[in-house]
Amino acid sequence: MEDPINTGMLSFGTSGTLFHSPFLQVHSGFNLTAVVERSDKKAHLQFPNIKSFDTVEEMISDADIDLVIVNTPNYTHFEYAMKAIQSGKHVLVEKPFTISSKEAKLLFAEAKKHNRYVLPYQNRRYDSDFLSVKNIVDSNKLGHLVKGVIQLFYINISNLVMT
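Residues numbered from 1 in each chain as written. Predicted model: local features only at pLDDT ≥ 70, side-chain atom pairs only at ≥ 80, totals over all residues. Heavy atoms only, no water.

Engineer: What exactly am I supposed to notice about the environment of I136 here?
Structural biologist: Considering the arrangement of structural elements, one finds I136 in helix 6 (residues 128–139). Residue I136 is classed as partly exposed on the basis of its relative accessible area of 39%. Residues contacting I136, with those up to four places away along its chain left out, are K141 and L142. (Helix = DSSP H or I, 4+ residues; strand = E, 2+ residues; numbered from the N terminus. Buried < 20%, exposed > 50% of the residue type's maximum accessible area, 1.4 Å probe, protein only. Contact = heavy atoms within 4.5 Å.)

In structure tokens, the structure reads:
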């Protein structure tokens with residue numbers, strides 16, 4: 001088995017504690033090693049060996065981190081994802097991925113330049129409305145779709161070779 005992907009989260013608030021850390025805790029392909037906690041330092045209660053950083057910049061500069069989860073306020077997604085990519089990290093960004101398609105294109109170009117992955121996170125894939133849309137698309141009632149949104153999730157990331 002390959003070494004787990006050392007992962008850092010930019011926030012240990014609601015999304016960090018409810019959506020990301022539970023999955024990272026049970027998936028052997030990931031090792032949640034770091035989190036940014038600006039004020040309340042609570043991550044160590046659930047993860048005794050976790051590094052807690054005061055700032056995003058401190059965590060992004062940690063050479064031991066392979067993957068950064070950008071789960072901060074929407075307006076920060078582009079800036080933090082770009083900094084992480086430029087620091088040699090793979091990046092997973094919560095929705096909305098960016099504020100504009102221009103920013104998204106810039107992130108993808110920068111990731112390609114640095115041979116990194118930048119991926120959107122969609123945690124609602126099992127909600128009934130999303131499952132209804134999936135069933136309609138899978139039924140071909142709309143015909144053969146040639147373009148669409150590709151959803152990439154943690155399971156896909158764990159299959160990537162992290163260098």
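Engineer: Any chance you could explain the pairing of strand 5 (residues 90–93) here in plain terms?
Structural biologist: Where a strand is regular, its side chains alternate between the two sheet faces. The side-chain alternation of strand 5 yields two buried faces, one formed by H90 and L92 and the other by V91 and V93. A crossover connection joins strand 4 (residues 67–70) to the parallel strand 5 through helix 4 (residues 77–86); in handedness this β-α-β unit is right-handed. For strand 5 and strand 6 (residues 118–120), the ladder comprises three bridges, and the chain directions are parallel. Residue pairing across strands places V93 opposite P120, the latter belonging to strand 6. Handedness of the strand 5-helix 5 (residues 101–113)-strand 6 crossover: right-handed. (Right-handed = clockwise from strand over helix to strand, strands pointing away. Pairing = 2+ DSSP bridges.)

Engineer: What am I meant to see in the nonpolar core here?
Structural biologist: Side chains of nonpolar character tend, in soluble globular proteins, to be buried together. Grouped together as the largest cluster of nonpolar side chains are 22 residues, with contacts concentrated most on L10, M59, V68, V70, V91, V93 and V118. Elements that contribute at least two residues to this core include exactly strand 2 (30–36), helix 3 (56–60), strand 4, helix 4, strand 5 and helix 5. Looking at this core, the element that brings in the most residues is helix 4, giving five residues. Those residues in contact with V93 that sit more than four places away from it in its chain are V70, H77, A81, V118, L119, P120 and Y121. In this structure, I5, L24, V35 and I50 belong to the second largest nonpolar core, which totals 15 residues. (Core = buried A, V, L, I, M, F, W, Y, C linked by side-chain atoms within 4.5 Å.)

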